[in-house]
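Reading the structure
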Amino acid sequence: MFNNTTSKFLLNIARQFSTTTSKCDNFKCKLLIVGGGSGGCATAAKFSKILPKNDLIVLEPSDFHYYQPLFTLVGGGANKIEDARRREEDVLPKNCTWIKDRALEYSPGKNIVLTENGHTINYDYLLVATGIELRYDKIPGLLEALEKPTDVCSIYSPKYASYTFEVLKKLQSGNAIFTFPNTPIKCPGAPQKICYLTDHYLRTHNRRNNVKLTYNTSLPVIFSAKTYADALWIVCKERDINVNLRTNLVRVNSDVNEAIFENLDKPEEKTTVKFNMLHVTPPMATPESLSKNKQLTNSAGFVDVNKDTMQHVNFKNVFAIGDCCSTPNPKTAAAAAAQTKVVFENMNAVMKGDSPRLVYDGYASCPLVTGDKCILAEFDYDFQPLETFPFNQAKEMRSMYHLKRTLLPALYWKLMLNGHWNGPAAFRKLMHLGFGK
Ligand SMILES: Cc1cc2nc3c(=O)[nH]c(=O)nc-3n(C[C@H](O)[C@H](O)[C@H](O)COP(=O)(O)OP(=O)(O)OC[C@H]3O[C@@H](n4cnc5c(N)ncnc54)[C@H](O)[C@@H]3O)c2cc1C
């Protein structure tokens, strides 16, 4: 009766009505979690075991939940985007109320969040877990290039990740350029991982000698943790990858395959480079609804929390988790996992009238895929290694690649999103026979 597009449209409307209400409603709950991504979903799972369904609301606009760490391997051709995707309703705990909508305004003084569809949610406690948004629109010419079949690609969005492999497959010769923007980003290792995967692919297909690989990063270092930075400089040298520090992409002219970069130390100095493949990591920022709220966020737009307890510095009933926090750790799902226990225990303590006691040590992890091997970077707030295994993880290893590709996704879907994974701290102690942190 209906064609494919009409059926999809009607199905979407039906889904929309199954999870949202049709008029502007007033909701009330004990705990409101804004964002049902990695951090929000994992913490909701923990609270769903102690709060009744009506008292736990998750506000999340998306139909799909993505395991974003797999996007890198999708870009490198090892996985399909479907491997990284689940329906949101299948990952949220059954014992919570999902409002399929987006936070529009926060009134932390009044304990109210207003949504885009006009709902009002009153809460006793608020957990902000909105992550950070991809701002492709901040670089002139970039969105336009990504929306057409060009030589410009990006693993960061589920919309463009698969196309990265298409660009890679047709790359025969010339310049392949990889960028890192001039803002905080999620997974600061991913912009160079896709460069190493490109190198590996070209070598496997006997084309490496025809292609010059360049990694242009806005940062003054190749990686924040020195132990792993030292190892990565060696990888770049061995693979003949040019690295330019403090070099920031400011414009893309995809019709003539030109990228324009600025030297961040001499902003007047601009360089135009021809490319045959341009992989862009976009600038990122917290959602505007959040960053414009000066009561909740710091000057950079991140939720202003105590870096140890994850509690808001001014509003004691507000916590944050994951990429949207002001905590100075690299933004990764691994960090969000380590934060879930701290957030859960500390919020629970505050709900009981106690003070938050558990401390987040800044643990973050970045499996730096270098081809068919991987350097498993794990470190704390001081960028000192906090390694799980009792061997040198700064060394490229095949086993760590398999861990990244197979074990970590399983651990994410089965344990973390069900509230059973708080990072590897307990396992690390066991591996080090009870010694170390
Ligand atoms: C290419 C790539 C590679 C990566 N590689 C790794 C890796 O190897 N290892 C690793 O640990 N991490 C990696 N990450 C990072 C990791 O995915 C994120 O750090 C992690 O998902 C952060 O979790 P989060 O809950 O803070 O945010 P997200 O998981 O991004 O979730 C945020 C949620 O909030 C929702 N939201 C946004 N705005 C609103 C609003 N206004 N109202 C309500 N809801 C809202 C969004 O729809 C989303 O579902 C990678 C990420 C990318 C993109």
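Residues numbered from 1 in each chain as written. Predicted model: local features only at pLDDT ≥ 70, side-chain atom pairs only at ≥ 80, totals over all residues. Heavy atoms only, no water.

**Comments concerning the site of the ligand**
Applicable threshold: Any residue with a heavy atom lying within 4 Å of a molecule or strand is counted as near it. As used in this structure description, the phrase polar contact means that two N or O atoms lie within 3.5 Å; if the pair is within protein, one of them must be able to donate a hydrogen and the other to accept it, and residues adjacent in sequence are counted only when both atoms belong to side chains. What sets the accessible areas is the Shrake-Rupley method with a 1.4 Å probe; for residues, cover comes only from the shown protein chains. The helix and strand labels rest on DSSP assignments: H or I over at least four residues marks a helix, E over at least two residues marks a strand, and numbering proceeds from the N terminus. As a working rule, the residues Ala, Val, Leu, Ile, Met, Phe, Trp, Tyr, Cys and Pro are called nonpolar, Asp, Glu, Lys and Arg charged, and the rest polar, with Gly in that last group.
Around the ligand, the surrounding shell holds 35 residues, and the nearest of these are G39, E60, A103, D323 and A334. Within the contact set of the ligand, an oxygen atom lies 2.9 Å away from a backbone nitrogen or oxygen of A333. The protein chains hide 94% of the 1,000 Å² of surface that the ligand would expose on its own. Going through the elements one at a time, helix 2 (38–47), helix 3 (71–75), helix 7 (190–204) and helix 10 (333–351) are the ones with two or more residues in the shell around the ligand. Taken together, the residues of the shell around the ligand sort by class into 15 nonpolar, 13 polar and seven charged.

**Looking at unusual backbone geometry**
The phi dihedral of C187 falls on the positive side, at around 45°, and the residue is not glycine. Within the secondary structure layout, C187 lies in the loop between strand 11 (174–180) and helix 7.

**Quick notes on the pairing of strand 15 (residues 258–263)**
The criterion, for reference: Buried, partly exposed and exposed residues are distinguished by accessible area as a fraction of the type maximum, computed with a 1.4 Å probe on protein chains only: under 20%, between the cut-offs, and over 50%, respectively. Following DSSP output, two strands are said to pair if at least two bridges run between them.
Of all the six residues making up strand 15, five are buried; the element is thus mostly covered by neighbouring parts of the structure. When strand 14 (residues 247–253) meets strand 15, the two strands line up antiparallel, connected through six bridges. In the strand pairing of strand 15, V252 is matched with A259. Once strand 14 ends, the chain turns through four residues before running back antiparallel as strand 15, passing N257 with a positive phi of about 50°. Here six bridges tie strand 15 to strand 16 (residues 266–274), and the two strands are oriented antiparallel to one another. Of the residues in strand 16, the one forming a bridge with I260 is T272.

**Here's the deal with the UniProt feature "domain: FAD/NAD(P)-binding" (unreviewed entry) in the protein chain**
Inclusion rule: UniProt positions are given in the numbering used here, feature names are shortened, and annotations may be inferred rather than shown by experiment.
Here, the residues flagged by UniProt with the feature "domain: FAD/NAD(P)-binding" (unreviewed entry) are residues 30–145 and 225–339. Strand forms 33% of residues 30–145 and helix 20%; the C-alpha atoms that close the span are 45 Å apart. The distance from the first to the last C-alpha atom of residues 225–339 is 20 Å, and the span holds 22% helix and 30% strand.

**Quick notes on helix 6 (residues 161–170)**
Short version of the rule: In this context, the arc is that of the directions from the helix axis out to the C-beta atoms. Between two residues, a contact is recorded if the distance between any of their heavy atoms is within 4.5 Å.
All buried positions along helix 6 are accounted for by A161, T164, F165, V167 and L168. Buried residues of helix 6 fall within an arc of 160° about the axis and therefore sit on the same side. Looking at the packing, one finds that the buried side of helix 6 touches helix 3, strand 10 (152–153), helix 7 and strand 17 (277–279).

**Describing the pattern of salt bridges**
Definition in use: Salt bridge, as used here: a side-chain nitrogen of Lys or Arg that lies within 4 Å of a carboxyl oxygen of Asp or Glu.
Applying the stated criterion across every chain yields a total of 16 salt bridges. The partner of D63 in a salt bridge is K100, with the nearest N and O atoms 3.9 Å apart. You can see D63 sitting in the loop between strand 2 (56–59) and strand 3 (64–66) and its partner K100 sitting in the loop between strand 5 (97–99) and strand 6 (103–107), a full 37 residues away along the chain. Take K100: its relative accessible area is 9%, and that puts it in the buried class. Among the ionic pairs, K169 bridges to E166, the shortest N-O distance being 3.4 Å. Here E166 and K169 lie together in helix 6, a separation of three residues that amounts to about one turn. A relative accessible area of 34% means that K169 is categorised as partly exposed. With a relative accessible area of 39%, E166 lands in the partly exposed category. Each of D199, R203 and R208 takes part in salt bridges that share partners, so that together they form one network.

**Some points on the sheet that holds strand 16**
Rules: In this description, a line fitted to the C-alpha atoms serves as the axis of each element, helices being fitted only across the stretch in contact, and the angle between N-to-C directions of two axes falls anywhere from 0 to 180 degrees.
Spatial ordering of the open sheet is given by 14-15-16, a layout of three strands whose pairing is antiparallel. Because the sheet does not close on itself, it has two edges, and the strands there are strand 14 and strand 16. Taken over all neighbouring pairs, the strand axes of this sheet differ in orientation by 25° on average, direction set aside.

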